[in-house]
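Inside the fold
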Amino acid sequence: MKVLVSGMLLLLLLSTFLYSQDKGMIDIHHFDTQIGFATGYLGIALLSAHGAAPDTYNLRVHSISHLGSQGYEKAWIMNAGFIGFGGMVAGSTIAYSIRTGQDWPLSLGLGTWGLGILASGFASLSPFVEGVPYNPTESQWHSLFATTAGIGISAAALNLVITDPEPERKLVHGTALTFISLTSAMTGLQPENTGLWQRLLWAGSLGWLNWAFATDPRYSR
């Protein structure tokens, strides 16, 4: 119930933001501002969720998604983070292209990433504690949404590789795309270190994306 209430409130706020930006009422249409704001929100949610996690939660083994897992009474903290972050990324980037008519391939990649993360906040992963009842179908949906998000961020990276006019920056974007692919694969290949690999994936992806938009004159102010 807490997840549903949090999600509804966040989606209401985000839909208002989407409408305001599309109409030009709020002039926050640059990718660097959007990603930076969303990253800050996610960071607060992550710190809060980690601070509230019990001793049975293992950072090395358990993923970030486990902080929002089924049967966990404080799951709503991380799920609100997923919903808010995903909604901000998807809503703001798509609104930018609606308003400007530009960069649709990039916005669709980032929008898919954001929507995948948003949806994963509504469909929770299996518990990180043995013996807790859970819905396997919901857990499968979470994995599907997470995979969709991975495809979206990879598509956005590929788009920047193709469209960035600077060869040096193309190399950085290509390295980021390789990094995203490899760390995503390692989360499955090394289940005993899933938590570490996923945190590396998130930190690297967000660090690269914030750098990319903050230093690209096409998208920054």
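Scroll up to find the structure.
Quick caveat, the model's predicted, so the values are computed rather than measured.

1. A closer look at the environment of S126
Along the chain, the position of S126 falls in the loop between α4 (104–120) and α5 (136–163). With residues near it in sequence (within four places) discarded, S126 still touches H66, S69, Q70, Y134 and S139.

2. Regarding the packing of α4 against α5
For the pair α4 and α5, the least separation of the axes is 7 Å and the interaxial angle reads 160°. Viewed along their axes, α4 and α5 adopt a mutual orientation that is roughly antiparallel. The crossing of α4 and α5 is left-handed. Touching P105, L106, G109, L110, T112, W113, G116, I117, A119 and S120 of α4 are H142, F145, T148, A149, G152, I153, A155, A156, N159 and L160, all from α5. Residues that form the contact of α4 with α5 fall into these classes: 12 nonpolar, 8 polar and no charged.

3. Section: the nonpolar core
M78, F85, L110, W113 and W208 are the most contacted members of the largest nonpolar core, which totals 38 residues. Looking at this core, the elements with two or more residues in it are α2 (31–52), α3 (75–100), α4, α5, α6 (167–189) and α7 (194–215).

4. Comments concerning the side chain of S124
Mapped onto the secondary structure, S124 falls in the loop between α4 and α5. The exposure class assigned to S124 is buried, which follows from its relative accessible area of 8%. The contact partners of S124, leaving out residues within four places of it in the chain, are G68, S69, Q70, N79, E138, S139 and H142.

5. Quick look at the packing of aromatic side chains
Overall, the coordinates contain 6 aromatic pairs when judged by the stated rule. A connected cluster of aromatic rings, assembled from ring pairs, spans F82, F85, W113 and W202. Geometry around W211 places R169 over its ring, the cationic atom sitting 4.6 Å from the centre.

6. Details of the pattern of salt bridges
Counted according to the given criterion, the structure contains 2 salt bridges. As a salt-bridge pair, D164 and R169 come within 2.8 Å of each other at their nearest N and O atoms. Linking R169 and D216 is a salt bridge whose minimum nitrogen-to-oxygen distance equals 3.7 Å. One end of the pair, R169, is in helix α6; the other, D216, is in the segment after α7, with 47 residues separating them in the sequence. D216 matches R169 in its accessibility class, with the two residues each being buried.

About the cut-offs
- Residues numbered from 1 in each chain as written.
- Predicted model: local features only at pLDDT ≥ 70, side-chain atom pairs only at ≥ 80, totals over all residues.
- Heavy atoms only, no water.
- Helix = DSSP H or I, 4+ residues; strand = E, 2+ residues; numbered from the N terminus.
- Contact = heavy atoms within 4.5 Å.
- Axes fitted to C-alpha atoms, helices over the stretch in contact; angles between N-to-C directions.
- Parallel < 35°, antiparallel > 145°, perpendicular 65-115°, else oblique.
- Left-handed = near helix turned anticlockwise from the far one by under 90°.
- Nonpolar A, V, L, I, M, F, W, Y, C, P; charged D, E, K, R; others polar.
- Core = buried A, V, L, I, M, F, W, Y, C linked by side-chain atoms within 4.5 Å.
- Buried < 20%, exposed > 50% of the residue type's maximum accessible area, 1.4 Å probe, protein only.
- Phe/Tyr/Trp six-rings, centres within 6.5 Å; stacked < 30°, edge-to-face > 60°.
- Lys NZ or Arg CZ within 6 Å of the ring centre and 35° of its normal.
- Salt bridge = Lys/Arg side-chain N within 4 Å of Asp/Glu carboxyl O.

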